[in-house]
Every structure is written in C-alpha cells, then in structure tokens.
Amino acid sequence: MDGDPAVEHQLDSFSLTFPLPYRIAFIVILAVWGWGFNLHFLHLRRIDVPALIRYPGRSSSAQLTHHHSTYRLALFLSLTSTASILTFWLFTRRDPTRVIDYDWLPMTNLLVLAALFSIPLRRLSVSHTGRSRLLWTLRRVSVGGLAEAKDGKFGDILLADVLTSYAKILADLFVCLCMFFFGGRDGSATARPDRGCGGAVLVPLIMAVPSTIRLRQCLIEFVRVRKAPYREATGWGGQHLANAAKYSTAFPVIVLGAMLRGQKDGSPGLYRAWVVACLLNSFYSFYWDVAKDWDLTLFSKNRDSPEHPFGLRRTLLVHKPGVYYAVIVLDLVLRCTWMIKLNSSMDRISDFESSIFLIQFLEVFRRWVWIFFRVETEWVRNSTTGLGMDDMVLLGDYQGNKYEDED
C-alpha cells in the first residue's frame, strides 16, 4: 500500500489517515499560526510590522494586538478543521472505499476555511475594514499588481513572496477540485492524487503563477525607478531586473520537471537540463535571500569588516549572530531539498505522498523563518538614511494616522 506510486494505484496508508484536502488545510492553518508568531516575536523586538505593511492599526490599547487577533483566528480555524477530520475518521475508519466516498467532508472543510477568510467575523476580532484590506491586497497581488511605497508596497511584496512557497500547495488545491468535480464516475478528492488531472499543462501553469506574479512586480518596480524624478538617488533599476531574473529561473524547473514526468523511460539529456535548472534556481535564490533580502555581507567584500560580525551586518535585531549563521545554513539546505532525487533510492521515496507533504511543509517552514529576517531588514532600512527615496517610509507619520478599526 505504500509502494511505488508509479505502479501502486490504491490509497497509501498516509492518505487513508490524512487525505490531500486535509493536508492543504493543515498547511494553510499552520501559516496563520506562523504569521501570528511572526507578528508576536517581532513586536517583542520592537519592530512594528503593521506599520511596515500599512495594515490597519489599533485605535486603543484595549483592543487585541494584531498577533493575538491572528492567534484567535488560527485557533478558530484549527478547531473547525479538527472537528471535521475527527468526524471523517469516525465515518471512514481507514476503509479505502469509505475514504473515497466521504470526500465531501474534507472538501466542505476547505470551503468553510475559504469562507472564514472571506467573511468578516467581528467575534473573531476581524473587522470589515481589516478584512476588506486583506482581500483587496490579495486581488491586487493575484494579477502581479504592486502598490506604491506609501500605500503598502512592502506588504504586497511580502505576500507575493509567500505565495511562491505555496506554489505546490496551490497546485494540489487545483488537483483536489479537479478530482472532485471532473474526476469522472469514480473521481474523488480523497483518492490517490492525480497530479495530471486536467491535462499535463494546467498543474505546471498553476505552479508558475506565484513566480509570474513576483516577476511582474519586479518589472513594475523597474519601470517606476526609470520614471522617478529622483532617478540619480535610486539608480537605474538594475537590481529589480536581477530580481526578476531570479524569479524567471523557476520556469525552466517547472517546465522541465513536467516534461520528465510525461516521459515513461526518461531522457538523460532532459534530466541533466532539469538538474542544471534546479541548481541555478536554488543557488541564485539562496544568494538573493542572504545578500539582498537580508542585507547580509556574506557575499560582499565587506564581510570581514570590524564594524559587524563576519558576513552579517551592523544592526541585528532578531537575535544573536549565531542564529543568523544557523538560518543561513538552514536556508541553503531547504532550498536544495530537490537534491534527494539525485539519489536513486531517495528518488523513489520522494514520490510517496508522505514525502511530498514533508517537502511542502519544509518549504513553508523555510519561508516562515525567512519572514523574520526579511521584515527585520526592511525595518532597519527604514531606520537609516541609506535607502532609496522610493522606499522611504515615514513611520512616524503613519503611526499618527492609523486606521481606527481592527484587523
């Protein structure tokens, strides 16, 4: 039952207990808990995340803080999904036929989660103003839109970057919907995931959407810099083009991977091309995380400067230098999880549903860690004078005119 997915068509033991729709819900809920912890920890470090992303603030100290409000929403989502999966286990008892027949339960749970994210619920400290702001941001980001700096550009970038780590999860959500509605007579969202559902093109296209969004945002920033009246202060925009190139390296990985899956016998040349594409994407992205997103000096000539710890920078707000070194190594390792496919025995294991889920979880975990240092970097940039004028944020002015409603 846990054999090679290429030849085993029955449900594996992992999917009998934890079907794909519940795995998607679990990771989404985990992201809400993670965001709450991001907000909480950075708040303790005196980093005002809502100010940076232009999110509605609190009008009085009596209102729940942003992180407590997020925790409460995460708890409500967790209780809802827990009740759903316990009911599912009660009805199915790991019987393959029942697991397939009761697919409407986990799909209903996904629908409820979507509704809770979309409908303002004041009892959850989620008001109309804050929820409308979130949905509007999602709509703008979903087509690659980018707000001006004064309107929350950083929040748009942060959200779009997070979506790139959810590319495979978004694809799995499509697979669930496809199997549920178009799986034919024997179709079921809780059957063995058919990641070719809808054809060989749709799933890779969905996986490419988040990178396309960030690519378009980078090009928008480049155009803005070129038109800016203070162009001499901000440069010619080459860094935005380099960032766009980084996101474009995801496309060969997706395309070549889809082509490899479509070939039964495989192609040595195609496989080598996929490996090269993965190496380029992983190491380019790792370099950008360290040097650009976190402003660390590990790859610069100033890495040995006496003004800061080796390879880091002068201002470190999140933690001690040792934590930064550990996170750099962690980021590199998790950027290269695809390398398990280079080992023949590990390659077979990587196609198990439990392994796919673990890799998705690790990528979400990597992004969660990344957020701490990316937000810290933006805060440091906005606290110094060495920043381009298009990114300058007058936090004092913003905090004096906060929205008067909750999130």
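- An unreviewed UniProt entry lists the chain under the name EXS domain-containing protein, from Chaetomium globosum.
- The chain has a UniProt comment under Subcellular location (unreviewed entry) that states "Membrane".

## Side note on the packing of helix 14 (residues 268-293) against helix 17 (residues 353-381)
Thought 1: Between helix 14 and helix 17, the shortest axis-to-axis distance is 10 Å and the interhelical angle comes to 30 degrees. Taken together, the axes of helix 14 and helix 17 are roughly parallel relative to one another. Where helix 14 approaches helix 17, its residues Asp289, Lys292 and Asp293 are matched on the opposing element by Arg366, Trp370, Phe373, Arg374, Thr377 and Arg381.
Thought 2: Per-class residue counts for the contact of helix 14 with helix 17 are two nonpolar, one polar and six charged.

## Section: the confidence of the model for the chain
Thought 1: Per-residue pLDDT for the chain has a mean of 85; in total, 84% of the residues score no lower than 70.
Thought 2: Confidence drops under pLDDT 50 across residues 3-8; counting only partners more than four residues distant or on other chains, this segment forms ten contacts.
Thought 3: Predicted confidence is poor over residues 385-407, with pLDDT under 50, and the contacts of this stretch with residues over four places away or in other chains come to 64 contacts.

## Brief notes about a nonpolar patch on the surface
Thought 1: Residues Trp104, Leu177, Phe180, Phe181 and Phe182 make up a contiguous nonpolar surface patch of roughly 550 Å² in combined accessible area.
Thought 2: Looking at the nonpolar patch, the element that brings in the most residues is helix 9 (residues 167-182), giving four residues.
Thought 3: Following the sequence through the fold, Phe182 ends up in helix 9.
Thought 4: For Phe182, a relative accessible area of 67% corresponds to the exposed category.

Quick notes on the rules
- Residues numbered from 1 in each chain as written.
- Predicted model: local features only at pLDDT ≥ 70, side-chain atom pairs only at ≥ 80, totals over all residues.
- Heavy atoms only, no water.
- UniProt positions renumbered as here; feature names shortened; annotations may be inferred.
- Axes fitted to C-alpha atoms, helices over the stretch in contact; angles between N-to-C directions.
- Helix = DSSP H or I, 4+ residues; strand = E, 2+ residues; numbered from the N terminus.
- Parallel < 35°, antiparallel > 145°, perpendicular 65-115°, else oblique.
- Contact = heavy atoms within 4.5 Å.
- Nonpolar A, V, L, I, M, F, W, Y, C, P; charged D, E, K, R; others polar.
- pLDDT = per-residue confidence, 0-100.
- Patch = residues over 30% accessible without salt bridge, like charges linked within 9 Å, V, L, I, M, F, W, Y side chains within 5 Å.
- Areas by Shrake-Rupley, 256 points an atom, 1.4 Å probe, with all protein chains shown as cover.
- Salt bridge = Lys/Arg side-chain N within 4 Å of Asp/Glu carboxyl O.
- Buried < 20%, exposed > 50% of the residue type's maximum accessible area, 1.4 Å probe, protein only.

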